[in-house]
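# Per-entry structural report
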Amino acid sequence: MCFSDREQEAGKLLGLYRRGAAVPILVYGPEGSGKSTLLRYIVWRVDRDGGLGVYIDALSGGDLEEAIYPLTSAMRSILADLLAGTAPPLGRVLAVRLWDLLRGLLMRAEAERRRVLVVVDDVYRALGLEEAEAYTKRLYELLGRLYGLGVESALVVVATSEGASRRLLARHSYASTSLLWNLAREGLGELLSQIEAPIGAEEAWRITGGNPRLLGRLAELEWSPGRLVEELAEQRLAEALEAVGREALEKLAEDPDSEPNAARRLEDMNLMIRLSRVASLSPPPEPDRELGVGRDWAWQTPAYRLAALHLLERR
Ligand SMILES: Nc1ncnc2c1ncn2[C@@H]1O[C@H](COP(=O)(O)OP(=O)(O)OP(=O)(O)O)[C@@H](O)[C@H]1O
Ligand SMILES: [Mg+2]
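Residues numbered from 1 in each chain as written. Chains lettered and ligands numbered in written order. Predicted model: local features only at pLDDT ≥ 70, side-chain atom pairs only at ≥ 80, totals over all residues. Heavy atoms only, no water.

Let's shift gears to the overall build of the protein. Scanning the protein from N- to C-terminus turns up 16 helices and eight strands. Rg of the C-alpha trace for the protein: 20 Å, near the compact-globule value of 20 Å for 315 residues, within the 12% margin. Considering only C-alpha atoms, the protein reaches an extent of 60 × 40 × 40 Å along its principal axes. Among the 315 residues that make up the protein, the fraction classed as buried is 54%. Taking as baseline every contact in the protein between residues at least 6 positions apart, the subset at least 24 positions apart corresponds to 73%. Of the roughly 13,800 Å² of accessible surface on the protein, 47% is carried by carbon and sulfur atoms. Charge separation in the protein, taken as the distance between the mean sites of 40 positive and 47 negative side-chain charges, equals 5 Å. (Helix = DSSP H or I, 4+ residues; strand = E, 2+ residues; numbered from the N terminus. Rg over C-alpha atoms; globule rule 2.2 N^0.38 Å. Buried < 20%, exposed > 50% of the residue type's maximum accessible area, 1.4 Å probe, protein only. Contact = heavy atoms within 4.5 Å. Areas by Shrake-Rupley, 256 points an atom, 1.4 Å probe, with all protein chains shown as cover. Lys, Arg positive; Asp, Glu negative; His and termini not counted. Charge placed at Lys NZ, Arg CZ, Asp CG, Glu CD.)

What follows is the structure in structure tokens.
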């Protein structure tokens, strides 16, 4: 699929990168909403404009091309030393040895590379939740060390779709969290026209709510919303029903804010999500029952709510 929209979100992150951030930013949002895609895009922009941009996929296995971007010749030669004798998974190793990598790159970089953007994607899944706080604190310290090396401005971003890591880090002052929501209605329309999808924009919106990965799955299912909802009911919602019970699931399908404790359990299953209305990269979604969006809680995509209703009807 083609990259659509996201100018506002990219603009906010690039603005912060130019001004310099005091603490790492945790970007969280629905699974498949496009976090990794956006973050790779801003690293590409920084690299193109002469800054030092590094993207690490902490979950990546043994392939360097997958684990780090952009793989410049300076990067390759530093990594050859840094990774000598280490065993995969490489993404995890790179996340852990980030400081050595950045210091090496800054030592070699041309004088104008005085601005730094670092993205570590999916790092909490790679390291385990029990490491999330300690690792993020180290990223905070790394920012301080970058400024200590004379870097003019820097931004460190961590991305996660796990509610549990967001909840852990929201307790601390050494990181800030920011929501990346699904594509807006216009962004989804742009994407649909680029791929010449045989589905109306309104229908696609009511099902995917602008989630690009779900749109891809809908395409694979020959654009049949019914098949998508049935599949999700069986694969994702049946277990959710067992976890929270019928009554809570019914209430949450009616009103996402009605059962915070059950919503939190569904957040752990990547079905719902806690919204940030102030700390948000995207315009936060307006409350809309049909789309499964409340004031504080939302279904990650409307399709999950539809699948819950489908399951409740059948059982
Ligand atoms: N702005 C966009 N325009 C078009 N397609 C997009 C956009 N953003 C993401 N996609 C597509 O949507 C899919 C999911 O994107 P991506 O992997 O970036 O999501 P994610 O939020 O990082 O997911 P996860 O939560 O699993 O890490 C990919 O196939 C990607 O190409
Ligand atoms: Mg991702």
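Now that the structure has been shown, we can carry on.
Here the domain parsing of the protein yields domain 1 (7-179) and domain 2 (199-314). The C-alpha-based centres of domain 1 and domain 2 are spaced at 30 Å. Taken together, the 20 residues of domain 1 in the interface contact 18 residues of domain 2. The contact between domain 1 and domain 2 buries some 1,800 Å² in all, and 46% of this surface belongs to carbon and sulfur atoms. A per-residue breakdown of the area domain 1 buries against domain 2 is headed by Glu31, Arg167 and Leu179, which together make up 34% of the total. Our count for the domain 1 to domain 2 interface comes out at four salt bridges. With a closest N to O distance of 4.0 Å, Arg236 and Glu31 form a salt bridge. (Domains from an automatic or database assignment. Buried area = accessible area lost by both parts, 1.4 Å probe. Salt bridge = Lys/Arg side-chain N within 4 Å of Asp/Glu carboxyl O.)

Turning to the packing of aromatic side chains, a few remarks are in order. The full count for this structure, using the stated rule, is two aromatic pairs. A centroid spacing of 6.0 Å and a plane angle of 25° characterise the contact between Tyr41 and Trp44, whose relative ring orientation is stacked. Taken together, the positions of Tyr41 and Trp44, both in helix α2 (residues 35-48) and three residues apart, correspond to about one turn of that helix. Judged by its relative accessible area of 18%, Tyr41 is buried. The class for Trp44 is partly exposed, based on a relative accessible area of 37%. Taken together through their ring pairs, the aromatic side chains of Phe3, Tyr41 and Trp44 make up a single cluster. (Phe/Tyr/Trp six-rings, centres within 6.5 Å; stacked < 30°, edge-to-face > 60°.)

Moving on, we get to the packing of helix α1 (residues 7-19) against α2. Contact geometry for α1 and α2: axes closest at 10 Å, N-to-C directions at 50°. The angle between the axes of α1 and α2 places the two elements in the oblique class. Along this stretch, α1 crosses α2, giving a crossing that reads as right-handed. On the side of α1, the interface is formed by Glu7, Glu9, Ala10, Leu13, Leu14 and Tyr17, while α2 contributes Leu38, Leu39, Tyr41, Ile42, Arg45 and Val46. (Axes fitted to C-alpha atoms, helices over the stretch in contact; angles between N-to-C directions. Parallel < 35°, antiparallel > 145°, perpendicular 65-115°, else oblique. Left-handed = near helix turned anticlockwise from the far one by under 90°.)

Now for the sheet that holds strand β2 (residues 52-57). Judged by pairing direction, the sheet is mixed, and its six strands sit side by side in the order β3-β2-β4-β5-β1-β6 without closing on themselves. Looking at strand neighbours, the two that pair on one side only are β3 (68-69) and β6 (176-179), the edges of this open sheet. Against the sheet, helix α8 (residues 132-148) makes contact with β4 (115-121) and β5 (153-160), and its axis sits at roughly 165° relative to β5, the strand it touches most. (Pairing = 2+ DSSP bridges.)

This part is about unusual backbone geometry. Cis geometry marks the peptide bond from Tyr69 to Pro70; its omega dihedral reads -10°. Relative to the elements of secondary structure, Pro70 occurs in the loop between β3 and α4 (73-82). Looking along the chain, the bond that leaves Pro88 and enters Pro89 is cis, with omega of 5°. One non-glycine residue, Asp5, lies in positive phi territory at about 65°. Position of Asp5 among the secondary structure elements: in the segment before α1. Given the relative accessible area of 28%, Asp5 is considered partly exposed. Located in the positive-phi region is Trp223, a residue other than glycine, with phi close to 60°. When you line up the elements, Trp223 lands in the loop between α12 (212-220) and α13 (225-244).

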